[in-house]
Every structure is written in C-alpha cells, then in structure tokens.
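Structure at a glance
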Amino acid sequence: MASEAVDEARRATARIELVDYLPGGRTVYPVEIEGELVWLVLRSEMTEKLHREMNEYLGYITENRLWMQNWAEPQSKSRAQLRRVS
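Summarised in this report is the structure supplied together with it. (Residues numbered from 1 in each chain as written. Predicted model: local features only at pLDDT ≥ 70, side-chain atom pairs only at ≥ 80, totals over all residues. Heavy atoms only, no water.)

Details of the pattern of salt bridges
In this structure the tally under the stated criterion is four salt bridges. In this structure, the salt-bridge partner of Arg43 is Asp20, at a minimum N-O distance of 2.9 Å. Of this pair, Arg43 sits in the loop between β3 (36-42) and α2 (48-63) while Asp20 sits in the loop between β1 (13-19) and β2 (28-33), placing them 23 residues apart in sequence. Judged by its relative accessible area of 38%, Arg43 is partly exposed. When the shortest N-O distance is used, the salt bridge between Glu53 and Lys49 registers 3.1 Å. A residue pair is termed a helical-turn pair when its members lie 3 or 4 positions apart in one helix, as Glu53 and Lys49 do in helix α2 at four residues. Look at the salt bridges and you will find they share partners, linking Arg15, Glu17 and Glu36 into a network. (Salt bridge = Lys/Arg side-chain N within 4 Å of Asp/Glu carboxyl O. Helix = DSSP H or I, 4+ residues; strand = E, 2+ residues; numbered from the N terminus. Buried < 20%, exposed > 50% of the residue type's maximum accessible area, 1.4 Å probe, protein only.)

Given below as structure tokens:
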C-alpha cells in the first residue's frame, strides 16, 4: 500500500495553457514543476479547439499511464527527465 501511495504521488500530469505573451519571440515554452509539465503556448498560435483536444489527449495518456514522468529525487543533483513508457 505504501508503494501505491508513492506511485500515485508521482503520477504525471501534462497540460497546455494559453498565454498572451512569451519573451524572446517564442510561441511555445515548456515549464516543469514537480510532477507536472505545462506547455505555455501563445494564444494567437493555437485555436481553442486545438487547445481543448490537446489537453484531452494529454489527460488521457497521463491518466492511463501511457506516458510517465521520471522526476529526480529531491535530494538528487540530477535533473528531472521525461520518460515515455508505452
């Protein structure tokens, strides 16, 4: 049971957020925080329909464990890495 709780705490989430501005002329920028990957995308570069569909897809693949994130341990000096498992 304890390992299930740890595994659940490490479940990956990924999503897209639309923003009005990104520095340096970027159109997309990934932001990683523990257990979550958020893609910031310029609103002018993505339709609302695509935004919804991409978030549905990202939710599906993370909820069904088709894609996981292999986050480094807090005491580790290594960087978090993404790992595809399907």
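Section: the pairing of β3
Buried residues dominate β3, accounting for six of its seven residues. As judged from the seven bridges shared by β1 and β3, these two strands associate in the parallel manner. Paired with Glu17 across the two strands is Leu40, which belongs to β3. Of the strand pairs in this sheet, β2 and β3 are connected by six bridges, and their pairing is antiparallel. Paired with Pro30 across the two strands is Trp39, which belongs to β3. Following β2, the chain reverses through two residues before pairing antiparallel with β3; Gly35 in that reversal takes a positive phi of roughly 80 degrees. (Pairing = 2+ DSSP bridges.)

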